[in-house]
Structures are given as structure tokens and as C-alpha cells.
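# Observations on the model geometry
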Amino acid sequence: SLQDATVFDESIYADDFRFVPPFVGGATPLNGEDVGLDKKAFVKALRGFDLLAAFPDLQQNYHAFRVDPWEPNRVWFQTRAFGTNTGDLMGKPATGKRLELPPEMLSMTFNADGQVQKFTVGYVLDRTVGNTGGLGQAFGLFWGVGAPLPIPECRPFTPSLPLLALGKIQAFLDGLGDA
């Protein structure tokens, strides 16, 4: 269990470790800024809520491991997770709902000492798969049992008004070409 410090070995993470899921820990870097959670914040977040207690049968089904040909210290892999909500989730009673998360891409980057320096998770490959609104990992688990986190990024994609307007303009322009 991640909540048990005697079982979860934090030394596998480098001192300069970064956990980089979508939408967590700052905006996408434009000039090489660090984003994501540092080691201390990552471990605190993991221990802050016990997803395995809420989904004791959670199976991540990691597969398709490959070394990045341009970053040989980085390993990419995928997951197709399934689990049933049979335990409380942050005070919300179990729903009994079986969740299928969409396929996701993850990566681990290792330093020269073999410690994990960067861990990317939750990058959905196909948002049409599963029953979590196209959301992966924790975002999908929370949304899937009716307890979404209270921010727009933790909910299924909804197009903005400018994007909808752009679609209407494109449809109008396409119609002009047919005339």
C-alpha cells in the first residue's frame, strides 16, 4: 500500500523527481520551466487518498513497454485499467460501479543512478473508450463514480464557445464552396 511507508520505498525517486500528469502542477512549459509535482508533493498526494482502498481490484494492465530512441533513459508504456468501486473514496460511499478507463500513455525517465527522475501519467490515447468520460487515472476514477474533482479539467471535454463558433464558421465556408 502506498499509505504504508514501510512498504512504499521513496528512494526509487530522485531528489529532483517530477510527477507530470495532465493539468497538474502548472501550465505547459514554454521555456523549460519545471512542471508537475516534486517528490515531496507527489508522495504527500499519493498518501492523501487511497485509490486502492476504493478500487481494491484495480488492474492497470501495463503493456507495450519501449525505450525512447531519442531519450534512451526514458521508457514509454501504456495501460488499460479496470476496477470496481467497492470501498469509500474520500468519504463517499462505494458505488459498486465497474470502471473501464481509456487507454493511456505513461513514461518514466531515469537518472544515471537508476532512480525515476520524471513520471508522466494519464495521457489518454482514445477518449471514446471506457466509461469514465474519456478521463484517465485519478480524474477518471473520481468522475466515473460520480465524485468529480471540482475543476473543469477533471470533467469530460466540453468545447468552448470559440471552438464551437469556429466549427460553425468552417461549416458555413464549406457550404459556400458547394454553391
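Just above, that's the structure.
These notes cover the structure that comes with them. Predicted model only: the values in this text are computed from it and were never measured.

Our focus in this paragraph is the overall build of the protein chain. What the protein chain contains, in helices and strands, is four helices and eight strands. Burial analysis of the protein chain (179 residues in total) assigns 33% to the buried set. In the protein chain, the share of contacts with a sequence separation of at least 24, taken over all contacts with a separation of at least 6, comes to 53%. Here the protein chain displays about 10800 Å² of accessible surface, and carbon together with sulfur accounts for 61% of that area.

On to unusual backbone geometry, then. The backbone of Asn61 sits at a positive phi, close to 55°, despite the residue not being glycine. The topology assignment puts Asn61 in the loop between α2 (51-54) and β3 (63-67).

Attention now goes to the environment of Leu101. Within the secondary structure, Leu101 sits in the loop between β6 (98-100) and β7 (104-110). For Leu101, a relative accessible area of 2% translates into the label buried. For the pair Leu101 and Val121, spaced 20 residues apart in the sequence, the C-alpha separation amounts to 13 Å. When sequence neighbours within four positions are dropped, the list of residues in contact with Leu101 reads Arg80, Ala81, Val129, Thr132, Leu135, Gly136, Gln137 and Leu141.

Let us look at the pairing of strand β8 (residues 116-124). With four bridges joining them, strand β1 (residues 13-20) and β8 adopt parallel strand pairing. Looking at β8, one finds that Val20 is bridged to Thr120. Both β7 and β8 contribute to a ladder of six bridges, which runs antiparallel. By the bridge assignment for β8, Phe110 is matched with Val116. Linking two consecutive strands that pair antiparallel, namely β7 and β8, is a turn of five residues; a positive phi of about 85° is found at Gly114 within it.

So, about the packing of aromatic side chains. One pass over the full model with this rule turns up seven aromatic pairs. An angle of 70° between the planes, with centres 5.3 Å apart, marks the rings of Tyr13 and Phe42 as edge-to-face. Here Tyr13, found in strand β1, pairs with Phe42, found in helix α1 (residues 39-48); they are 29 residues apart in sequence, far enough to count as distant. Here Tyr13 matches Phe42 in class, with each residue buried. Arranged with centres 5.0 Å apart and planes meeting at 50°, the rings of Phe17 and Phe42 form a pair that is tilted.

This model, assessed by the stated rule, comprises three salt bridges. Here Arg74 and Glu71 are joined by a salt bridge, their closest N and O atoms 3.1 Å apart. Salt-bridge contacts for Arg80 lead to Glu100; the nearest nitrogen and oxygen are separated by 2.7 Å. With a gap of 20 residues between them, Arg80 in the loop between β4 (74-79) and β5 (82-84) and Glu100 in strand β6 connect regions that are remote in the sequence. Owing to a relative accessible area of 27%, Arg80 belongs among the partly exposed residues under this scheme.

About the criteria used
Residues numbered from 1 in each chain as written. Predicted model: local features only at pLDDT ≥ 70, side-chain atom pairs only at ≥ 80, totals over all residues. Heavy atoms only, no water. Helix = DSSP H or I, 4+ residues; strand = E, 2+ residues; numbered from the N terminus. Buried < 20%, exposed > 50% of the residue type's maximum accessible area, 1.4 Å probe, protein only. Contact = heavy atoms within 4.5 Å. Areas by Shrake-Rupley, 256 points an atom, 1.4 Å probe, with all protein chains shown as cover. Pairing = 2+ DSSP bridges. Phe/Tyr/Trp six-rings, centres within 6.5 Å; stacked < 30°, edge-to-face > 60°. Salt bridge = Lys/Arg side-chain N within 4 Å of Asp/Glu carboxyl O.

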